[in-house]
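What follows is the residue order along each chain.
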Amino acid sequence: MANQLLKGKKGIIFGALDEKSIAWKTALKCYEEGAQIVLTNAPVALRMGEINKLAEACGNAPVIGADVTNMDDLKKLFEESMNHFGGKIDFVLHSIGMSLNVRKGKHYTELNYEWNAKTLDISAMSLHRVLRTAVGSGCIERLG
Ligand SMILES: NC(=O)c1ccc[n+]([C@@H]2O[C@H](COP(=O)([O-])OP(=O)(O)OC[C@H]3O[C@@H](n4cnc5c(N)ncnc54)[C@H](O)[C@@H]3O)[C@@H](O)[C@H]2O)c1
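Residues numbered from 1 in each chain as written. Predicted model: local features only at pLDDT ≥ 70, side-chain atom pairs only at ≥ 80, totals over all residues. Heavy atoms only, no water.

Engineer: In this structure, what is going on with the pattern of salt bridges? I would like to understand it.
Structural biologist: Side chains carrying opposite charge are able to pair once their charged atoms draw close together. All told, the structure shown has 5 salt bridges when counted by the stated rule. For E32, the salt bridge is made with K29, and the minimal N-O distance between the two is 3.5 Å. Of the two residues, E32 and K29 are both situated in helix α1 (residues 22–32); the distance of 3 residues between them amounts to about one turn of the helix. On the basis of relative accessibility, which here comes to 49%, the residue K29 falls in the partly exposed class. The shortest N-O distance in the salt bridge between D121 and R129 comes to 3.1 Å. By relative accessible area, R129 is classed as partly exposed at 22%. (Salt bridge = Lys/Arg side-chain N within 4 Å of Asp/Glu carboxyl O. Helix = DSSP H or I, 4+ residues; strand = E, 2+ residues; numbered from the N terminus. Buried < 20%, exposed > 50% of the residue type's maximum accessible area, 1.4 Å probe, protein only.)

Engineer: Is there a simple way to think about unusual backbone geometry in this case?
Structural biologist: Apart from glycine, the bulk of residues carry a negative phi angle, and the bulk of peptide bonds sit in the trans form. Not every positive phi belongs to a glycine, and Q4 is a case in point at roughly 55 degrees. Within the secondary structure, Q4 sits in the segment before β1 (10–14).

Engineer: How do you make sense of the nonpolar core when you look at a structure like this?
Structural biologist: One recurring pattern in soluble globular proteins is that nonpolar side chains are buried together. Among the nonpolar cores identified, the biggest contains 16 residues, and I12, F14, L77, F78 and I89 are the most heavily contacted of them. Broken down by secondary-structure element, the contributors of at least two residues to this core are β1, α4 (71–85) and α6 (113–136). Residue contributions to this core peak at 5 residues, all from α4. Apart from the residues within four sequence positions on either side, L77 is in contact with I12, F14, V38, T40, I64 and A66. A16, C30, I37 and C58 belong to the second-largest nonpolar core, a separate cluster that totals 14 residues. (Core = buried A, V, L, I, M, F, W, Y, C linked by side-chain atoms within 4.5 Å. Contact = heavy atoms within 4.5 Å.)

Engineer: Help me understand the packing of aromatic side chains in this model?
Structural biologist: The tally for this structure, following the rule as stated, stands at 0 aromatic pairs. Lying over the aromatic face of W115, K104 brings its terminal NZ or CZ to 5.7 Å of the ring centre. (Phe/Tyr/Trp six-rings, centres within 6.5 Å; stacked < 30°, edge-to-face > 60°. Lys NZ or Arg CZ within 6 Å of the ring centre and 35° of its normal.)

Engineer: Honestly, α1 in this entry has me stumped. Any pointers?
Structural biologist: The complete set of buried residues in α1 reads A23, W24, A27 and C30. What you see down the axis of α1 is that its buried residues fit within an arc of 130 degrees, all on one side. Here the buried face of α1 lies against β1, β2 (36–41), α3 (50–57) and β4 (91–94). In the stretch just after α1, G34 is the one whose phi turns positive, near 100 degrees. (Arc of directions from axis to C-beta.)

Engineer: Honestly, the packing of α1 against α3 in this entry has me stumped. Any pointers?
Structural biologist: Two quantities define a packed helix pair, namely the angle between the axes and the distance from one axis to the other. Relative to each other, α1 and α3 sit at 15 degrees, their axes nearing to 10 Å. Of the possible angle classes, the one that applies to α1 and α3 is roughly parallel. The hand of the α1/α3 crossing is right-handed. Along its contact with α1, which presents W24, A27, L28 and Y31, the element α3 presents E50, I51, K53, L54 and A57. For the contact of α1 with α3, the per-class residue count stands at 7 nonpolar, no polar and 2 charged. (Axes fitted to C-alpha atoms, helices over the stretch in contact; angles between N-to-C directions. Parallel < 35°, antiparallel > 145°, perpendicular 65-115°, else oblique. Left-handed = near helix turned anticlockwise from the far one by under 90°. Nonpolar A, V, L, I, M, F, W, Y, C, P; charged D, E, K, R; others polar.)

Here it is in structure tokens:
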């Protein structure tokens, strides 16, 4: 049962790929609880088209592509989100992870270290990139 716990809150949700994604379920709950959201994922993920179904289910939420390893993409995402909301946002969900070694079926003893570095950039450093851009763009006041 929804209680409008997020009524009036505005947020950006990263990482809804398909119905199995944690971010997918979270987006639906946020919307059900009264939040306004912007959905984002890597351009390659958006090409699958699944996210448009979620956007529709969330009151035609805007979908803005951004690769979290690309600072220009992130800057554009936060600027466009602020334009959409007409001001600052209240929350961000960072639900991102990707391992190139796993995807390519590499055994532990055969790890490609460049892919491993890319994995850490996408899955971990990207949280820092996102927060830094959020503050830098004036989308959120401060951290902590
Ligand atoms: N599923 C679990 O049981 C579980 C448990 C603990 C932690 N987690 C973590 O929760 C997060 C979400 O996992 P999930 O199970 O929903 O998986 P998921 O694959 O559905 O979500 C990961 C998302 O990251 C996105 N992504 C990958 N590279 C990107 C990039 N360069 N730029 C922007 N987005 C990119 C993918 O497109 C995808 O939407 C991950 O960080 C995962 O490690 C998951």
